[in-house]
Amino acid sequence: MNLPIRPRRLRKSAEIRDLVRENSVTPQDLVQPLFVIDGSGPAEEIASMPGQRRLTISQLVAECRELYEAGIRGVALFPKLDARLKDPRGTEALSKKTLILRAVRAVKAAVPKLLLFTDIALDPYTSHGHDGVLTEDGSDVDNDATVEILCKMALLHAEAGVDFVAPSDMMDGRIGAIRAALDATGYEGTGLLAYSAKFSSAYYGPFRDAVGSASAAGTTLLNKDTYQLDPANARAAAREVALDEAEGADIVMVKPAGPYLDILRQTRTATNLPVAAYQVSGEYSQIVAAAQMGWLDRERTRDESLLAIKRAGADIILSYFAGEIARQGV
Ligand code: PBG
């Protein structure tokens, strides 16, 4: 064939492919989500997320030290509370001795340079599993009353030493309100990672099992449609990102990641802020489950899934695969 243009020349050898590769994922890009429990018992396996465990505070500290040494820069901490501590108003979230605050202090004392992100939302604390308090007739989450509580919660987390508070609740106006609350109390240095484009997704199922918000609510299919985004809507996501940026977010996030690569790309184009993506529990578990069945190659699928998220525009990826990738020394 008379064919002067042959793109395959650039794919001829591993060396050429290395040289022309456009994107890569390194441990420095990754944040590991971790689940914490009280007590001094053994770590608890999370049935719906094979390979992920709920850790006691001392196990968490050891894990964080290892992750930092392996090159991970940050972890996102989620508490799983004893059901007896939950009530409809999520009162435990504002207790000064609550599990997450003790966990943050312990990790900060032991591994001060590891960046800590904590979720600001009430779902681990409410008996109904919603991210906020309900309106009087119980038919919806009360936006403004919830924002007030989240501001107090964010202050407690800032005081305990987190690097970034991460509101994941999708209430209107919470980024601006939390920023103002932090600034008014001397925490202008505490960052805000906003879960800006958070969709009402079935992919959160295993996480709700991990933190127990599903069992509190009696179903993993807890319906959060009045606050989380409609999966059909890209323009609504753009609006949320723009609002969070205007309200003072330092980093904006898209969640889930893999099924929402178009949203990631549009977010990357729309803002100069760092963009984070959360490869959520269901994305993790579907790869792990298919690999366990022998239907997918675990490592190659894992790496491809993360590369796709990076390529679409993520600077930072929260992923349950973070630790294993760092330890593997990619
Ligand atoms: C709740 C929260 C959720 C996740 C992170 N924070 C679940 C939800 O909104 O019900 C999901 C993370 C995952 O699935 O890995 N505020």
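Higher on the page you've got the structure.
Residues numbered from 1 in each chain as written. Predicted model: local features only at pLDDT ≥ 70, side-chain atom pairs only at ≥ 80, totals over all residues. Heavy atoms only, no water.

A. Spatial organisation of the site of the ligand. Close to the ligand lie 18 residues, the nearest being Ser168, Arg208, Lys255, Ser281 and Tyr320. Between serine 168 and the ligand, the recorded distance is 2.7 Å, taken from a side-chain N or O atom to a nitrogen atom. Lysine 224 is positioned with one of its side-chain polar atoms (N or O) 2.7 Å from an oxygen atom of the ligand. Protein contact buries 100% of the 400 Å² of open area that the ligand shows by itself. Of the residues assigned to the shell around the ligand, the class counts are 8 nonpolar, 3 polar and 7 charged. (Near = heavy atom within 4 Å. Polar contact = N/O pair within 3.5 Å; in protein donor to acceptor, adjacent residues only side chain to side chain. Areas by Shrake-Rupley, 256 points an atom, 1.4 Å probe, with all protein chains shown as cover. Nonpolar A, V, L, I, M, F, W, Y, C, P; charged D, E, K, R; others polar.)

B. Molecular detail of the pairing of strand E6 (residues 164-167). Going residue by residue along E6, you find Phe164 and Ala166 tucked away on one face and Val165 and Pro167 tucked away on the opposite face as well. As paired strands, strand E5 (residues 115-120) and E6 are joined by 4 bridges and run parallel to one another. Residue pairing in the sheet places threonine 118 in a bridge with valine 165 of E6. Relative to strand E7 (residues 191-198), E6 runs parallel, the two being bridged by 2 bridges. Along E7, the bridge assignment pairs valine 165 with leucine 192. On the question of chirality, the crossover connecting E6 to the parallel E7 by way of helix H5 (residues 174-184) is right-handed. (Buried < 20%, exposed > 50% of the residue type's maximum accessible area, 1.4 Å probe, protein only. Helix = DSSP H or I, 4+ residues; strand = E, 2+ residues; numbered from the N terminus. Pairing = 2+ DSSP bridges. Right-handed = clockwise from strand over helix to strand, strands pointing away.)

C. Focus on the packing of helix H2 (residues 57-69) against helix H3 (residues 99-110). Look at H2 against H3: their axes get within 9 Å of each other, and the N-to-C directions meet at 40°. In this view, H2 runs oblique relative to H3, as classed from their interaxial angle. Every pair of crossing elements has a handedness; the one defined by H2 and H3 is right-handed. Between H2 and H3, the contacting residues are Ile57, Leu60, Val61, Cys64 and Arg65 on the first element and Leu99, Arg102, Ala103, Ala106, Val107 and Ala110 on the second. Across the contact of H2 with H3, the residue classes break down as 9 nonpolar, no polar and 2 charged. (Axes fitted to C-alpha atoms, helices over the stretch in contact; angles between N-to-C directions. Parallel < 35°, antiparallel > 145°, perpendicular 65-115°, else oblique. Left-handed = near helix turned anticlockwise from the far one by under 90°. Contact = heavy atoms within 4.5 Å.)

D. The arrangement of unusual backbone geometry in detail. Proline 256 follows lysine 255 through a cis peptide bond whose omega is -10°. Along the chain, proline 256 falls in the loop between strand E8 (251-255) and helix H9 (261-270). We note that methionine 170 has phi near 65°; this positive angle belongs to a residue other than glycine. Summarising the element assignment, methionine 170 is placed in the loop between E6 and H5.

E. Geometry of the environment of alanine 238. Considering the arrangement of structural elements, one finds alanine 238 in helix H8 (residues 234-247). Overall, the relative accessible area of 35% leaves alanine 238 in the partly exposed class.

F. Layout of a positive patch on the surface. Taken together, the side chains of Arg6, Arg8, Arg9, Arg11 and Lys12 define a basic patch exposed on the protein surface. Accessibility expressed as a relative area gives 67% for arginine 8, which makes it exposed. (Patch = residues over 30% accessible without salt bridge, like charges linked within 9 Å, V, L, I, M, F, W, Y side chains within 5 Å. Salt bridge = Lys/Arg side-chain N within 4 Å of Asp/Glu carboxyl O. Lys, Arg positive; Asp, Glu negative; His and termini not counted. Charge placed at Lys NZ, Arg CZ, Asp CG, Glu CD.)

G. Focus on the environment of aspartate 144. Position of aspartate 144 among the secondary structure elements: in helix H4 (residues 143-160). Residue classification places aspartate 144 among the exposed residues on the basis of a relative accessible area of 56%. Between the C-alpha atoms of aspartate 144 and methionine 171, which are 27 residues apart in sequence, the distance is 8.0 Å. Looking at aspartate 144, its side chain comes within polar contact range of the side chain of asparagine 143, at 2.9 Å.

H. Seen up close, the side chain of threonine 98. With respect to the element layout, threonine 98 can be found in the loop between strand E4 (74-79) and H3. Under the relative-accessibility criterion, threonine 98 is labelled buried at 0%. Once you skip the residues sitting within four places of it in the chain, threonine 98 turns out to touch Glu92, Ala93 and Tyr125.

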